[in-house]
Amino acid sequence: MWALFIPMGVVRRTGSRSVASLIPMLQKFSFCNQGSRKGSTAARTRGPLHLRRAYSTSHTVDPIELKKFQTWSAKWWDEEGVYKALHAMNDIRVPFVRDVLMSKSYDHDVGCPLFGIKILDVGCGGGLLTEPLGRLGAAVMGIDPLEDNIRTAILHKSADPALDKLIQYKPCTLEEVAEQTVESFDAVVASEVVEHVNNPEAFIQSCFHVLKPGGSLFITTINKTKISYVLGIVLAEKVMSIVPEGTHDWDKFIPPEELERLLESNGFVVDTLKGMLYNPFMGSWRWFDDTSLNYAVHALKTVRQEQTSDRDFEKEQDVPKAAEASI
């Protein structure tokens, strides 16, 4: 859930060298290939799994993860606290979601560019991303399996009556929403969530289930590289205590090529894949060409091909008959 970053000690030793210049050096130690979209051709030829098996409601929520975040449920809106990096991430992830959704429609209200768009914010926590999307005019449902997180989100939302009609919060899992809702949302946002679930594929299947055909899925998460282990686990948690120890489980980090394979084998087409970089000293994020650390994905749910109607079938049958009559 937290960002990965270049520690201050490394920056000091490099003198005037930029943070970005360190990435190629560290990449030599990567455990896996980086996020090239060209490497997923095999996944595209396998065919979507949703056409080969029924929708599964297997739960993806990890009880251990819930126990960790229960401790911080009242700290979501402390901009200098444990969620500081997530507050800063809004500067790039909110425009990312906004601009993609606006590009799919040319009828925008200047003050409410996402008016009429229905969004599901999965793992919404205290509503850090839910509220900005609501202020853009979207109808947002924020869900989180922790009731304390939802209580925090509802309490904060109550300070702005304008959000009451736009935002709805529910203490539930994605699977529970999927059991009651089919193809209802224009977009699903899962920001800093995938690295905390038990079964990423089941999670993606649930996202597919609730999205309308052609709907958008937005994911931000952390790559599984040695860089992410050293910076995100060892230094951030164990050495520098930037975030509480045990926040992340490196084994749950997912490489972009693996995430893309899961998406494309479950009915999605990956539209955008790009890296993200956090500067802890400036408290800011920026888009980055490299996906070794954090990255963002936008994928589109494929539109089902309409089955050939009986009338079309009859027309096809009439063609040889007409040809035979003309002989």
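Criteria and cut-off values
Residues numbered from 1 in each chain as written. Predicted model: local features only at pLDDT ≥ 70, side-chain atom pairs only at ≥ 80, totals over all residues. Heavy atoms only, no water. UniProt positions renumbered as here; feature names shortened; annotations may be inferred. pLDDT = per-residue confidence, 0-100. Contact = heavy atoms within 4.5 Å. Helix = DSSP H or I, 4+ residues; strand = E, 2+ residues; numbered from the N terminus. 1 Å grid on protein atoms, 1.4 Å probe; cavity = no way out; pocket = protein on both sides within 12 Å on 5 of 7 lines; lining within 4 Å. Points joined across faces, edges and corners; volume = space filled by probe spheres on them. Nonpolar A, V, L, I, M, F, W, Y, C, P; charged D, E, K, R; others polar. Pairing = 2+ DSSP bridges.

- Naming follows an unreviewed UniProt entry, where the protein appears as Ubiquinone biosynthesis O-methyltransferase, mitochondrial of Staurois parvus.
- Looking at the protein in UniProt, the text filed under Subunit (unreviewed entry) is "Component of a multi-subunit COQ enzyme complex, composed of at least COQ3, COQ4, COQ5, COQ6, COQ7 and COQ9."
- The record held by UniProt for the protein lists under Subcellular location (unreviewed entry) the comment "Mitochondrion inner membrane".

### Focus: the confidence of the model for the protein
Here's step 1: For the protein, per-residue confidence averages 78 on the pLDDT scale, and residues scoring 70 or more make up 68% of the total.
Here's step 2: Between residues 1–58, whose pLDDT stays under 50, and residues either more than four places distant or in other chains, the model counts 129 contacts.
Here's step 3: Throughout residues 306–315 the model reports pLDDT below 50, and contacts reaching past four residues in sequence, or to other chains, amount to 2 contacts.

### Some thoughts on the environment of Ser228
Here's step 1: Inspection of the secondary structure assignment puts Ser228 in helix 10 (residues 226–239).
Here's step 2: Distance in space between the C-alpha atoms of Ser228 and Asn294 is 8.5 Å, their sequence separation being 66 residues.

### Thoughts on empty space enclosed by the protein
Here's step 1: Going through the model one piece at a time under the given rule, you end up with 3 cavities of 30 Å³ or more.
Here's step 2: Quantified by volume, the largest cavity comes out at close to 310 Å³.
Here's step 3: Lining the largest cavity are 24 residues, and of these Leu66, Gly123, Pro145, Val193 and His196 sit closest to its centre.
Here's step 4: Residue assignment for the lining of the largest cavity shows that the elements contributing at least two residues are helix 4 (63–70) and helix 8 (174–180).
Here's step 5: For the lining of the largest cavity, the element with the most residues is helix 4, which contributes 3 residues.
Here's step 6: Here the lining of the largest cavity is built from residues that sort into 14 nonpolar, 5 polar and 5 charged.
Here's step 7: Forming the boundary of the second largest cavity are 13 residues, of which Arg93, Gly123, Cys124, Leu129 and Ser191 lie nearest the centre.
Here's step 8: Going through the elements one at a time, helix 5 (84–103) and strand 1 (118–122) are the ones with two or more residues in the lining of the second largest cavity.
Here's step 9: Of the residues belonging to the lining of the second largest cavity, the class tally is 8 nonpolar, 3 polar and 2 charged.

### What to know about the pairing of strand 7 (residues 284–288)
Here's step 1: In this sheet, strand 7 lies alongside strand 6 (residues 268–279) in antiparallel orientation, the contact comprising 5 bridges. Bridging across to strand 7, Met276 finds its partner in Trp287.
Here's step 2: Where strand 6 folds back onto strand 7 in an antiparallel hairpin, the turn is made up of 4 residues, including Gly283, whose phi is positive at roughly 65 degrees.

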